[in-house]
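# Coordinate analysis (summary)
Now for the letters of each chain:
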Amino acid sequence: MIISYNWLCDYLPIGEAGMPEIIEPEKLSKILTSIGLEVESLEKKEAVKGGLQGLVIGEVITCEKHPDADKLKLTTVNTGDKEKLQIVCGAANVAVGQKVVVANIGATIYPVNGQPLTMKKAKIRGVESHGMICAEDEIGLGQSHDGIMVLPANAVVGTPASEYFKLTDDYIFEIGLTPNRSDAMSHIGVAKDVCAYLSHHYKKDIVVKSPFKNNFKPDNQGLQIKVVVENTVACQRYAGVSIEGVTIAESPEWLQQKLKSIGLKPISNIVDITNFILHETGQPLHAFDAAAITGNKVVVKNLPAGTPFVTLDEKERKLTAQDLMICNEEAPMCMAGVYGGIQSGVTNTTKNIFLESAWFNPNDIRKTSLHHGLRTDAATRFEKGVDINNTVNVLKRAALLIKEIAGGEIASDIIDVYPVPRLKTEISLKYHYLKKLSGKNYHSDTIKNILHSLGFELIKEGVDEMRFAVPFSKPDIKLAADIVEEIMRIDGLDNVDIPSMISIAPAMETMAHENAYTEKIAEYLAGSGFREIFTNSISNSAYYSDAVLKHTVKMINNLSEELNILRPAMLESGLTSIAYNLNRKNSDLKFFEFGKTYLVNEAGKYIESNHLVIYITGNKTADGWKQKAEKTDLYFIKAVFEKIIHVLGLQIDGYNISENDNLENCLQASIKKETIAEIGIVSKTKAAQFDIKQPVLYADLNWDRLLALNKKINLQYREVSKYPLVNRDLAIIVNKALPFDAVEKATKAAGISKLQSIGLFDIFESEKIGAGKKSMAISFTFLDEEKTMTDKEIDSMMSRIISTYEKELGAEVRR
């Protein structure tokens, strides 16, 4: 939320009795932060870049042709100093007696287009020039470069240009507004909070300087437009007024400056006034060209799904049945509270307008805005809730401004369709509850004064409680706790008492086991060169197939169009981080993340699962003087996964090859016949969604299940064996397609208790060992913890292994 200091001060009673002459921007920044409107940045904004420093008003005393250039003039300029300046000028319109803007030597000018330029004494075609006579675009005061800027004859020579042009610097507050503070989405809204703070701390009733006047009256009844509201739930109040004979033109300078100060571009007087009113009061308005309202009738209703409608950006959109539309007798003119239509907007030829001010249901506006991807200022305010009680007041203010700036006459009474006037929300506040939440004893007069300054109405005051009516401008106030927050805000959040003693109740640690192993695995991975990442659990539905989206948890109030579901899988959010790093030339990545996924099953039950995921891409090792860079591969991530399982004290049953749309060469690992992880290479199709062109390895571990298995382990300690390990190697010839996993399973089936481990250390393929065959070299480690094993015992066990291989795998031992 952007707030202009100068604009905000228009509504603060600064300088009145008992008030300071000025509240400095820095002090105002502290006040805003103290009352919960956190100022994230405060920046000075110059009316003109450089502030015209070093520029003065001068008078051209002489003007002659340059002795060595046909298009240059040699002038003498009086700038109020004793010595006159000789300046070479290239403008065709320079003449004796003109009052002009002069940039002295040492001054820096900031052109509208181009780089800043510091004045120096220079020779131009052999003649010295001591400064510059300026055009308006050369000093940032306009766009024209037709000639030098000629000032009125009454301009006083020697006057600083900044003083002559009455330049006023501004300060811009960027406020981190929380979603519930719709009442502060305007300059007057912020001013009300500031006045409430000042009232409380100055012990004086300080109110906002209201821009609303009681001098509204129609000039005639020449343009009558009827309003019919068919959907009174989506549109609970609709007001309008007709204005005829307007002239569409540029806005006056003061209005343009207001809009520019908060980053808005002036367009035309009518559009600028509606934007000004929006940021002044928080109430969106819409101006229709009255000529587009066929039948002089406005109808607020819903249209059939699929109805085409062309918006102001010249795009045709298909309406949904829940889109509320502002229509004439024949066709839709505007998406209510969201975006105007191409056929009904104000143009340069518009003469008569119909001005709309309404209250639209926040739910309807948000649905339409998100569905069509139209996140406008108006929609943002309507979806958070505007002051339904202020609809007509704002309309009258806007109509009077239009009459003042664009001319014309108010050609109708105010039309106000308000079928069911709303009642104010009433909330009771008990004193002990206020003390419990705030930690502070507030006097009843203090409570009443603070809430009165915020627009609350005291209905009833009892011995131990008060009852208040909530102003319509604060739709977020629904509970007693909300009123406590209002009192604490205005008292100052930095005034919250810090108790000298804190009482706490001892709590049982319920997640000690889970946290301990999460930390243990995180430390192992970090020590192995991995970096932990934390990605957004809210994802973009565009990443997922329709089949997956059937079971996703959809966001109701998503913050943006893209982030609209809770992630059903971890892969996509991690690939976003991978892509971010690859785009910045960081191509060797090893990431891990502990995170959650969210699904909804057929019965409508929400399922939340914990995962540990690993992402690897690029080189495993970098180039060095002793080694070359080595690419990562599937075996590397598989080894990392197996080490994690080992640290958890578990043992993998084996792997199965699985089909997965997002992973190539997908392996499913299981423990006790239950799948606990998937490992593979991210498919090219999935990687292309994120514009990733290099292979990415991925492992997704079911962290919930692994921790549950880990909990069942009974830890046992034993001495390290004092007897030696025995190693034997064996080479077997098998079918080329046989995976090593089958060899491991066959080895386990042999049932040799003294076999400690088995490993593959070489694969050899050659026509000499037969077509479609390969040789696998395997190492075995044996241990007897009670004695030293003999060759005879080891040979016997190796024979059993060989026999099993020949029988189960059809293997042939290489001799």
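Attention here is on the structure that accompanies the text. What you are looking at is a predicted structure, and each value in this text was computed from that prediction instead of being measured.

## A closer look at the sheet that holds strand 22 (residues 339-340)
- Read across the open sheet, the five strands follow the order 14-17-20-21-22; overall the sheet is mixed. The open sheet terminates on both sides in strands that have one partner only, identified here as strand 14 (226-229) and strand 22.
- Where strand 21 (residues 332-335) lies against strand 22, two bridges are found, and the strand directions are antiparallel. Considered in strand 22, the bridge of Met 335 is made with Tyr 339.

## Concerning the nonpolar core
- Judged by nonpolar contacts, the single largest core of 74 residues is most densely connected at Leu 32, Val 190, Ile 402, Ile 447 and Ile 487.
- For Val 190, the contacting residues outside a window of four places in its chain are Ile 3, Leu 8, Leu 32, Leu 37, Ile 175 and Ala 184.
- Judged by nonpolar contacts, the second largest core, of 36 residues, contains Tyr 655, Ile 676, Ala 699 and Leu 706.

## Overview of the packing of aromatic side chains
- Following the criterion strictly, the structure yields 12 aromatic pairs and no others.
- Judged by centre distance (6.4 Å) and plane angle (55 degrees), the rings of Tyr 5 and Phe 173 are tilted. Of this pair, Tyr 5 sits in helix 1 (residues 5-9) while Phe 173 is found in strand 13 (residues 170-175), placing the two residues 168 residues apart along the sequence. As far as the burial class goes, Tyr 5 and Phe 173 line up, both buried.

## Some points on the sheet that holds strand 42 (residues 755-764)
- Ordered by their spatial adjacency, four strands build an open sheet running 42-43-41-44, and the pairing between neighbours is antiparallel. Either end of the sheet is taken by a strand with one partner, and the two such strands are strand 42 and strand 44 (812-813).
- Taken together, the 10 bridges between strand 41 (residues 726-735) and strand 43 (residues 773-782) define a ladder with antiparallel strand orientation. Along strand 43, the bridge assignment pairs Ile 732 with Met 776.
- Lying on the sheet, helix 19 (residues 740-749) is in contact with strand 42 and strand 43; it crosses strand 42 at an angle near 150 degrees.
- Here helix 20 (residues 791-809) sits on the sheet in contact with strand 41, strand 42, strand 43 and strand 44, set at roughly 20 degrees to strand 41.

## Quick word on a negative patch on the surface
- On the surface, a cluster of negative charge is contributed by Glu 38, Glu 40, Glu 43 and Glu 174.
- Among the residues examined, Glu 43 registers a relative accessible area of 54% and is labelled exposed.

## Digging into helix 2 (residues 25-34)
- Residues of helix 2 that are buried include every one of Pro 25, Leu 28, Ser 29, Ile 31, Leu 32 and Ser 34, and no others.
- Buried-residue contacts for helix 2 involve helix 1, strand 2 (39-45), strand 13, helix 4 (187-202) and helix 12 (480-491).
- Following helix 2 by one or two positions, Gly 36 adopts a phi angle in the positive range, close to 95 degrees.

## What about the pairing of strand 28 (residues 465-469)?
- Inspection of the sheet shows strand 26 (residues 426-430) paired to strand 28 by five bridges, in the antiparallel sense. Each bridged residue has a counterpart across the sheet, and for Leu 429 the counterpart in strand 28 is Met 466.
- Looking at chain direction, strand 27 (residues 457-461) and strand 28 are connected through four bridges and run antiparallel. Opposite Lys 460, over in strand 28, you have Arg 467 as the bridge partner.
- What sits between strand 27 and strand 28 in their antiparallel hairpin is a turn of three residues.

## Details of unusual backbone geometry
- Positive phi values are uncommon outside glycine, yet Arg 125 reaches one of about 55 degrees.
- Tracing the backbone through its elements, the reader meets Arg 125 in the loop between strand 9 (122-124) and strand 10 (127-129).
- Notably, Lys 203 is not glycine yet its phi reads approximately 55 degrees, a positive angle.
- For Lys 203, the position within the fold is in the loop between helix 4 and strand 14.
- Among the residues examined, Lys 203 registers a relative accessible area of 68% and is labelled exposed.

## Details of the side chain of Glu 514
- Mapped onto the secondary structure, Glu 514 falls in helix 13 (residues 512-527).
- Separated by 3.2 Å, the side chains of Glu 514 and Lys 711 make a polar contact.
- Not counting the four nearest positions on each side in its chain, Glu 514 is found in contact with Leu 707 and Lys 711.

## Considering the packing of helix 6 (residues 269-281) against helix 9 (residues 391-406)
- Direction vectors running N to C along helix 6 and helix 9 enclose 145 degrees, while the axes themselves pass 10 Å from each other. Note on packing geometry: the crossing formed by helix 6 with helix 9 is right-handed. Contacts from Asn 269, Ile 270, Ile 273, Phe 276, Ile 277, Glu 280 and Thr 281 of helix 6 reach helix 9 at Val 394, Arg 397, Ala 398, Leu 401, Ile 402, Ile 405 and Ala 406.
- Looking at the contact of helix 6 with helix 9 residue by residue, the classes come out as 10 nonpolar, two polar and two charged.

## As for the packing of helix 5 (residues 253-261) against helix 6
- At a closest axis distance of 10 Å, the pairing of helix 5 and helix 6 adopts a crossing angle of 50 degrees. Classed by the angle they form, the pair helix 5 and helix 6 counts as oblique. The two elements helix 5 and helix 6 meet at a crossing, and its hand is left-handed. When helix 5 is examined against helix 6, the residues Trp 254, Leu 255, Lys 258 and Leu 259 are found in contact with a partner set consisting of Asp 272, Ile 273, Asn 275 and Phe 276.

## Quick word on the pattern of salt bridges
- One pass over the structure, following the stated rule, counts 37 salt bridges.
- Note that Arg 489 is salt-bridged to Asp 193, the shortest N-O span being 2.9 Å. With Arg 489 in helix 12 and Asp 193 in helix 4, this residue pair connects regions lying 296 residues apart in the sequence. Neither Arg 489 nor Asp 193 differs from the other in exposure class; each is buried.
- In this structure, the salt-bridge partner of Glu 630 is Lys 620, at a minimum N-O distance of 3.0 Å.

## A word on helix 16 (residues 634-647)
- The first and last C-alpha atoms of helix 16 sit 20 Å apart over 14 residues, in line with the 20 Å expected at 1.5 Å per residue.
- Turning to helix 16, its buried residues number three or more, namely Leu 634, Phe 636, Ile 637, Val 640, Phe 641, Ile 644, Ile 645 and Val 647.
- Between the side-chain oxygen at the start of helix 16 and the backbone nitrogen of Tyr 635 there is a gap of 3.2 Å, and the oxygen is on Asp 633.
- Immediately downstream of helix 16, the backbone of Gly 649 shows phi near 80 degrees, a positive value.

## A word on the side chain of Ser 182
- With respect to the element layout, Ser 182 can be found in the loop between strand 13 and helix 4.
- Sequence-distant contacts of Ser 182, defined by excluding residues within four places in its chain, comprise Lys 384, Gly 385 and Pro 475.

## Concerning the pairing of strand 38 (residues 663-671)
- Note that strand 37 (residues 654-657) and strand 38 share four bridges and pair antiparallel. If you follow Tyr 655 over to strand 38, its bridge partner there is Ala 669.
- Linkage of strand 37 to strand 38, two consecutive antiparallel strands, is achieved through a turn of five residues.
- The antiparallel hairpin formed by strand 38 and strand 39 (residues 674-682) contains two residues in its connecting segment, where Lys 672 sits at a positive phi of about 55 degrees.

What counts, and where the lines are drawn
Residues numbered from 1 in each chain as written. Predicted model: local features only at pLDDT ≥ 70, side-chain atom pairs only at ≥ 80, totals over all residues. Heavy atoms only, no water. Pairing = 2+ DSSP bridges. Helix = DSSP H or I, 4+ residues; strand = E, 2+ residues; numbered from the N terminus. Core = buried A, V, L, I, M, F, W, Y, C linked by side-chain atoms within 4.5 Å. Buried < 20%, exposed > 50% of the residue type's maximum accessible area, 1.4 Å probe, protein only. Contact = heavy atoms within 4.5 Å. Phe/Tyr/Trp six-rings, centres within 6.5 Å; stacked < 30°, edge-to-face > 60°. Axes fitted to C-alpha atoms, helices over the stretch in contact; angles between N-to-C directions. Patch = residues over 30% accessible without salt bridge, like charges linked within 9 Å, V, L, I, M, F, W, Y side chains within 5 Å. Areas by Shrake-Rupley, 256 points an atom, 1.4 Å probe, with all protein chains shown as cover. Salt bridge = Lys/Arg side-chain N within 4 Å of Asp/Glu carboxyl O. Lys, Arg positive; Asp, Glu negative; His and termini not counted. Charge placed at Lys NZ, Arg CZ, Asp CG, Glu CD. Polar contact = N/O pair within 3.5 Å; in protein donor to acceptor, adjacent residues only side chain to side chain. Left-handed = near helix turned anticlockwise from the far one by under 90°. Nonpolar A, V, L, I, M, F, W, Y, C, P; charged D, E, K, R; others polar. Parallel < 35°, antiparallel > 145°, perpendicular 65-115°, else oblique. Expected span 1.5 Å × (residues − 1).

Spatial relationships are all this shows, so hold off on functional conclusions.
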